[in-house]
Structure formats: structure tokens, C-alpha cells
Amino acid sequence: MSTVERPCLGHELQRQRAALHRYVTSLVAADPHHVEDIVQETLLRAWQDADRLDHDDRPIRMWLFRTARNLVIDAWRKRRAVPVGLATELVADQPDVVNVADTVCDRVVLLDGLRRLPAAQREILVHVHLLGRAGEDVAAGLGIPPGTVKSRTHNAVRALRAVLDQAA
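S.K.: Looking at this structure, how should I read the pattern of salt bridges?
M.R.: Proximity of charged atoms lets side chains of opposite charge pair with each other. Summed over the entire model, instances satisfying the criterion amount to four salt bridges. The salt bridge involving Arg15 is made with Glu12; its shortest N-O contact spans 2.1 Å. Here Arg15 pairs with Glu12, and both are found in helix H1 (residues 9-28), just three residues apart, close to one helical turn. For Arg15, a relative accessible area of 55% puts it in the exposed group. A residue is classified by how much of its surface remains accessible, and Glu12, at 15% relative accessible area, is buried. Of the charged contacts, one joins Glu41 and Arg45 as a salt bridge, the two residues approaching to 2.9 Å between their closest N and O atoms.

This is the structure in C-alpha cells:
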């Protein structure tokens, strides 16, 4: 009774390495280091999953190519993702020390300008710009149409600019 020897996964992976490298190069072309990282990660995953891979009955090449393709896609998504937090170029332009006197003066001038506006315009500016409420929420809270909120906000901003220009 002859027994058929099971091909060693290590030898099969060595035989497929060149084809896998060519395939990943066709996907990532520009960066040979990135290609090598993907190839090595794919072979490592194949080795780690050796007990679950059915490489006797089916060629392992398809599994390797699919895994490499998924790794390339994951790397692309990772590079494309928008980082959370502040960008350093936005923060670099800001002064390190806040001048409290300037902040207080700005607030005094703004409050004085708001006091000079009619009550309806002042109310809209407070809700929309100081409290940051959405136009629909302001309209519902004040019992006025959303279009009225938009026009009052526009007119109130123009009036406040005029008042602030007179004060300057």
C-alpha cells in the first residue's frame, strides 16, 4: 500500500513566491518596499493558517492572490483615511499665547454692536452664531418659518458689520 505524500506547504509557498511578487507588483507598481511587505505578509498569513488551508486539493495560488489583493486594498484605505484631530499646519499659524486683553476687547465691541441692533436681529444672531443652533431648530423654537430665519440672519449680519464699522 503506497501512501501519497502531502506536499509541504513551505515548498509550495516558495514555488508561488515569484508569481505572487509579480502579481503584487502589478497592483502596487510604484513602491518595491511596499510590494515586498505585502508579499511577506501574505506568506506569513498562509503559514499561520496552514492548518486551515486546503492546499492538497486546490492550488494555493488563488488564496495567496486574494489575500495579497485584500492587503493592498486595506493599505490603500488606510493611506486614504482622514486622520482624526487637528492638522499641524492649521495649528502652526496660531499664536502660542492668547492675549486676554484682545479677547476681552473683542467681546466688549461685539456685545456693544449687538446691543445696537433691533431685538429680532440680535435674537437671531445669538441663536444661530453664538449658540450654534441650526436654522430649522431656531425656526421651530421661535415659531417662524425657516426662510425668515435665513433672511433675518443675513440682514442681522449686515447690520452688525455696519455697526462695527462705525465703531472702528
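S.K.: Mind showing me how you'd approach the side chain of Thr67 here?
M.R.: Mapping Thr67 onto the fold places it in helix H3 (residues 61-80). Judged by relative accessible area, which is 10%, Thr67 ranks as buried. Apart from the residues within four sequence positions on either side, Thr67 is in contact with Thr42 and Arg45.

S.K.: Would you mind showing me how to read the side chain of His34 here?
M.R.: With respect to the element layout, His34 can be found in helix H2 (residues 32-48). Looking at His34, the relative accessible area reads 15%, which means it is buried. When near neighbours in sequence (up to four residues on either side) are disregarded, His34 contacts Val28, Ala75 and Arg79.

Thresholds applied
Residues numbered from 1 in each chain as written. Predicted model: local features only at pLDDT ≥ 70, side-chain atom pairs only at ≥ 80, totals over all residues. Heavy atoms only, no water. Salt bridge = Lys/Arg side-chain N within 4 Å of Asp/Glu carboxyl O. Helix = DSSP H or I, 4+ residues; strand = E, 2+ residues; numbered from the N terminus. Buried < 20%, exposed > 50% of the residue type's maximum accessible area, 1.4 Å probe, protein only. Contact = heavy atoms within 4.5 Å.

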